[in-house]
Number of protein chains: 2
Amino acid sequence: MSNCSNCPSKGTCSSSTKESCAIENNPKNNISKIIGIMSGKGGVGKSTVTALIANELAKEGYSVGILDADITGPSIPRLMGVKDAKAMSDGKNIYPVVNSNGIKLMSINLMMDDENEPVIWRGPILGGVVKQFYSDVIWGELDYLLIDMPPGTGDVALTVMQSIPISGTVMVSIPQDLVSMIVAKAVNMAKKMNIPVYGVVENMSYIECPDCGKKIKLFEGEETDSFMKKHNLELLGEFPMSKAIIDITQNGVSETDEKISSIVSSIISKIK
Amino acid sequence: MSNCSNCPSKGTCSSSTKESCAIENNPKNNISKIIGIMSGKGGVGKSTVTALIANELAKEGYSVGILDADITGPSIPRLMGVKDAKAMSDGKNIYPVVNSNGIKLMSINLMMDDENEPVIWRGPILGGVVKQFYSDVIWGELDYLLIDMPPGTGDVALTVMQSIPISGTVMVSIPQDLVSMIVAKAVNMAKKMNIPVYGVVENMSYIECPDCGKKIKLFEGEETDSFMKKHNLELLGEFPMSKAIIDITQNGVSETDEKISSIVSSIISKIK
């Protein structure tokens, strides 16, 4: 079996031989589509958006996996309700942890005895781990593999874009000029690597006062619209900073309210 | 002149010879104290806290510099009101940009034609740039050099801790269990590298509704207290998510209200 036969980029990629391609597809895996959730900036909600999309896809009946590429700041195990689980390995294959919604998960914290231990590694090692998470993990049959990218445009982002056949990226931002500037760096990086950007998910758009119902806009970014226009980007959806979303970060993603669910559903329709 | 004569760690470090030390001190610089502002997690407000501390120190009459070590997500030029300025170099020395409050600044965005351009470099190169920002920049006489660290515990954090003589670090966190876990990684990293942690600045503690004045707690982290106790850390100060602080990220740090100023002042008294 050639390396291309089970590659998510089969038929759409420009490499015609295994030799001209940096990707190692595991013959035990058959992944239809790989989506990178990216931002450039930390703390804007990449992992939360990844978790919400994964859950909604699973609810719609798709088989879903999440590869947590944020090796030095992994959030996925807590968000997916498996913070005490451990991934197993037989020395060659690594088996993902499967959560209560049937979502397959791989994260460095699933391989550590103590989640508080830091991972103090140089970039090429970090990139190597992410490659292993793609090539050595037995993902099996997946409709969607979501990759939760680390902040920044350094080693790991570069490795993911160069060596994993991702179909496209979703950019997560917040309505703040400073953040738009840094997200623009990530958008420009994706363009340089010829990876499509599906569009932008805006997070923390506003907060609703639980007493008087007032919508408080936390940020007053003026550049967001011009940023979207300049980069020819579609707004995929907007999330408020609501208790329902914050609860996810405390208690995992299993319960989300209907309003959030309908926003996620609309985002998914644009990236399928 | 030996490499130790103008080292901020002179007299407190264990290296007795230049050969056993990885630090290159520029003979043109004389820096009294270097403080790293760290978190492990992105988006919690490291750069904002750095900017607030720098401004307050300058107001108190100290000479201050900021080294923006977040090469792939640099926020300092915008926060310090110099986003269109450029740093000059004569081929050997690099001259920092000085803002209207006399604070000396170095950031990768001060060396780029377009701030939206991404820096797509492998970790060792990123680390090399940060070392240059310490060794090749003419900081001159400084009472305090603040280092705004990137998120994560990867290359750049490692390089800063190994090759710049920092006196101690301030950890920035938000009251969210998921974040405490990641900040714990950074605290453990500092401990492994024998660098003192002065304490924790908690950001985004609450938001005040501008209509009814209700204090809305965005996060309900239960682990923050136990996290502080477990790691024997002092709480240096708490910032609300207030318009005064958010304005800084839009308009730079020159104007802050009195309440914020008194919180910063109290933090500074603990790290001097």
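Treat the numbers as computed from the prediction; the structure is a model and nothing was measured.

## Re the overall build of chain A
Regarding its fold elements, chain A presents eight helices and 12 strands. Relative to the 2.2 N^0.38 estimate, which gives 19 Å for 272 residues, the radius of gyration of chain A is 18 Å and therefore close to what a compact globule would have. Each of the three principal axes of chain A carries a C-alpha extent, and together these read 60 × 40 × 40 Å. The proportion of buried residues among the 272 residues of chain A is 62%.

## Some words on the nonpolar core
Grouped together as the largest cluster of nonpolar side chains are 186 residues, with contacts concentrated most on A:I53, A:L67, A:F239, B:I53, B:L67 and B:F239. With residues up to four places along the chain from it excluded, the contact list for B:F239 reads B:V49, B:L52, B:V201, B:E202, B:N203, B:M204, B:S205, B:I245, B:I260, B:I263, B:V264 and B:I267.

## As for the interface of chain A and chain B
Between chain A and chain B, the residue contacts involve 58 residues of the former and 58 residues of the latter. Counting the surface chain A buries against chain B, the share from its top three residues, A:I120, A:R122 and A:K185, is 13%. At the junction of chain A with chain B, the criterion picks out four salt bridges. Close ionic contact of B:K192 with A:E117 constitutes a salt bridge, the shortest N to O distance being 3.2 Å. Where chain A packs against chain B, one counts 23 residue pairs in polar contact (both at pLDDT 80 or more). Examining the composition of the side of chain A that touches chain B, we find that nine residues originate from one element, helix α5 (residues 177-192) of chain A, more than from any other. The class makeup of the residues in the side of chain A that touches chain B is 25 nonpolar, 18 polar and 15 charged.

## Topic: the relation of the copies chain A and chain B
For these two chains of identical sequence, chain A goes onto chain B by a turn of 180 degrees and a shift of 0.0 Å along the axis, with RMSD 0.0 Å. Here the copies are linked by what is in effect a two-fold axis. Here 100% of the contact residues of chain A are again contact residues in chain B; the copies associate through an equivalent surface.

## Considerations on the sheet that holds strand β2 (residues 64-68) of chain A
Residue and element names in this part refer to chain A. If you trace the eight strands from one edge of the open sheet to the other, you get β5-β6-β2-β7-β1-β8-β9-β12, paired in mixed fashion. In the strand order of this sheet, the two ends are held by β5 (97-98) and β12 (235-238), each with one partner. Alignment of β2 against strand β6 (residues 104-106), held across three bridges, turns out to be parallel. Each residue of the ladder has a partner; that of G65, found in β6, is K104.

## Description of the UniProt feature "binding site: ATP" (unreviewed entry) in chain A
Within the UniProt annotation, "binding site: ATP" (unreviewed entry) is assigned to A:G40, A:K41, A:G42, A:G43, A:V44, A:G45, A:K46 and A:S47. Along the polypeptide, A:G43 turns up in the loop between β1 (30-38) and α1 (46-59). In this structure, A:G43 is in contact with A:M204, B:K41, B:G42 and B:G43, ignoring residues within four places of it in sequence.

## A closer look at the packing of α1(A) against helix α8 (residues 258-271) of chain A
All names here are of chain A. Following both chains from N to C, one finds α1 and α8 inclined at 85 degrees, their axes separated by 9 Å at the closest point. Between α1 and α8, the angle is such that the two are roughly perpendicular. Only I260, S261, V264, S265, I267, I268 and I271 of α8 make contact with α1, whose side of the interface consists of L52, I53, E56, L57 and K59. Grouping the constituent residues of the contact of α1 with α8 by class yields eight nonpolar, two polar and two charged.

## Focus: the packing of aromatic side chains
Residue and element names in this part refer to chain B. Inspection of every chain in the model, using the stated rule, returns two aromatic pairs over all chains. Judged by centre distance (5.4 Å) and plane angle (85 degrees), the rings of Y62 and Y144 are edge-to-face. Of this pair, Y62 sits in the loop between α1 (46-59) and β2 (64-68) while Y144 sits in strand β7 (residues 141-148), and the two are 82 residues apart along the sequence. According to the relative accessible area criterion, Y62 is partly exposed, its value standing at 29%. According to the relative accessible area criterion, Y144 is buried, its value standing at 7%.

## Focus: the sheet that holds strand β8 (residues 168-173) of chain B
All names here are of chain B. Across the sheet, which stays open at both edges, the eight strands sit in the order β5-β6-β2-β7-β1-β8-β9-β12 with mixed pairing between neighbours. Only two strands of the sheet have a single partner each, and these edge strands are β5 (97-98) and β12 (235-238). When β2 meets β7, the two strands line up parallel, connected through five bridges. By the bridge assignment, D68 is partnered in β7 with D148.

## Thoughts on the pairing of strand β9 (residues 197-202) of chain A
Residues and elements named next belong to chain A. The buried fraction of β9 is high, at five of six residues. Pairing of strand β8 (residues 168-173) with β9, which is carried by five bridges, proceeds in the parallel orientation. Its bridge partner being in β9, V170 is matched across the sheet by G199. In this fold, the crossover linking β8 to β9 by way of α5 has right-handed handedness. Pairing geometry for β9 and β12, over three bridges, is parallel. Bridge pairing in β12 places V200 opposite L235.

Reading the values: the criteria
- Residues numbered from 1 in each chain as written.
- Chains lettered and ligands numbered in written order.
- Predicted model: local features only at pLDDT ≥ 70, side-chain atom pairs only at ≥ 80, totals over all residues.
- Heavy atoms only, no water.
- Helix = DSSP H or I, 4+ residues; strand = E, 2+ residues; numbered from the N terminus.
- Rg over C-alpha atoms; globule rule 2.2 N^0.38 Å.
- Buried < 20%, exposed > 50% of the residue type's maximum accessible area, 1.4 Å probe, protein only.
- Core = buried A, V, L, I, M, F, W, Y, C linked by side-chain atoms within 4.5 Å.
- Contact = heavy atoms within 4.5 Å.
- Buried area = accessible area lost by both parts, 1.4 Å probe.
- Salt bridge = Lys/Arg side-chain N within 4 Å of Asp/Glu carboxyl O.
- Polar contact = N/O pair within 3.5 Å; in protein donor to acceptor, adjacent residues only side chain to side chain.
- Nonpolar A, V, L, I, M, F, W, Y, C, P; charged D, E, K, R; others polar.
- Least-squares fit on C-alpha atoms with pLDDT ≥ 70 in both.
- Pairing = 2+ DSSP bridges.
- UniProt positions renumbered as here; feature names shortened; annotations may be inferred.
- Axes fitted to C-alpha atoms, helices over the stretch in contact; angles between N-to-C directions.
- Parallel < 35°, antiparallel > 145°, perpendicular 65-115°, else oblique.
- Phe/Tyr/Trp six-rings, centres within 6.5 Å; stacked < 30°, edge-to-face > 60°.
- Right-handed = clockwise from strand over helix to strand, strands pointing away.

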